[in-house]
Amino acid sequence: MKFFKFFLFLPGFKASCALFRHEIAYVFGQLAHPASEPALTATLKNTSEHGMVRHECAEALGAVATQTCMKTLEKYLPDEDPVVRESCEVALALRYGRV
């Protein structure tokens, strides 16, 4: 996929369907392109977002795996949502070989 086409997916995070937003995060994780980091981080930070979407953003940030992504995941280790918290734990563990 060409880099410029990546940006065509960004409006998907504004869709009304949480499952669709989750799938957008999944695609970004599969692409693992650093350009997705701001959108993934913003969505993970949004505590009013559905936990399923935030969980997928955490996993995608783990796949992108920049230093900033890892710091973001560490920041959300104590998240109130156990699914988000565990997703951050797993993403960090996979990155640092602790699984």
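Structure: see above.
Predicted, not measured: the structure shown is a model, and the values here were computed from it. (Residues numbered from 1 in each chain as written. Predicted model: local features only at pLDDT ≥ 70, side-chain atom pairs only at ≥ 80, totals over all residues. Heavy atoms only, no water.)

Engineer: I'd like a rundown of the overall build of the chain, residues and numbers included.
Structural biologist: Scanning the chain from N- to C-terminus turns up six helices and zero strands. When the elements of the chain are put in sequence order from the N terminus, they spell out α-α-α-α-α-α. Over its C-alpha atoms the chain spans a radius of gyration of 12 Å, differing by no more than 12% from the 13 Å that the globule rule assigns to 99 residues. The principal-axis extent of the C-alpha atoms belonging to the chain is close to 35 × 25 × 20 Å. Within the chain, the proportion of its 99 residues that are buried is 42%. For the chain, the share of sequence-separated contacts (at least 6 apart) that also reach a separation of at least 24 residues comes to 53%. When the accessible surface of the chain is split by element, carbon and sulfur atoms take 58% of a total near 5,700 Å². Considering the chain, the positive charge centre built from 11 side chains and the negative charge centre built from 11 side chains are found 9 Å apart. (Helix = DSSP H or I, 4+ residues; strand = E, 2+ residues; numbered from the N terminus. Rg over C-alpha atoms; globule rule 2.2 N^0.38 Å. Buried < 20%, exposed > 50% of the residue type's maximum accessible area, 1.4 Å probe, protein only. Contact = heavy atoms within 4.5 Å. Areas by Shrake-Rupley, 256 points an atom, 1.4 Å probe, with all protein chains shown as cover. Lys, Arg positive; Asp, Glu negative; His and termini not counted. Charge placed at Lys NZ, Arg CZ, Asp CG, Glu CD.)

Engineer: Can you break down the side chain of arginine 54 residue by residue, with the values?
Structural biologist: Looking at the secondary structure, you find arginine 54 in helix α4 (residues 51-64). With relative accessibility at 3%, the residue arginine 54 sits in the buried group. A polar atom in the side chain of arginine 54 sits 3.5 Å from the backbone oxygen of asparagine 46. Those residues in contact with arginine 54 that sit more than four places away from it in its chain are Thr43, Leu44, Asn46, Thr47, Glu49, Tyr76, Asp79, Asp81 and Val84. (Polar contact = N/O pair within 3.5 Å; in protein donor to acceptor, adjacent residues only side chain to side chain.)

Engineer: Could you give me a rundown of helix α3 (residues 37-45), with the residues and numbers involved?
Structural biologist: By the burial criterion, the buried members of α3 are Glu37, Ala39, Leu40, Thr41, Thr43 and Leu44. Buried-residue contacts for α3 involve α2 (18-31), α4, α5 (67-75) and α6 (82-96).

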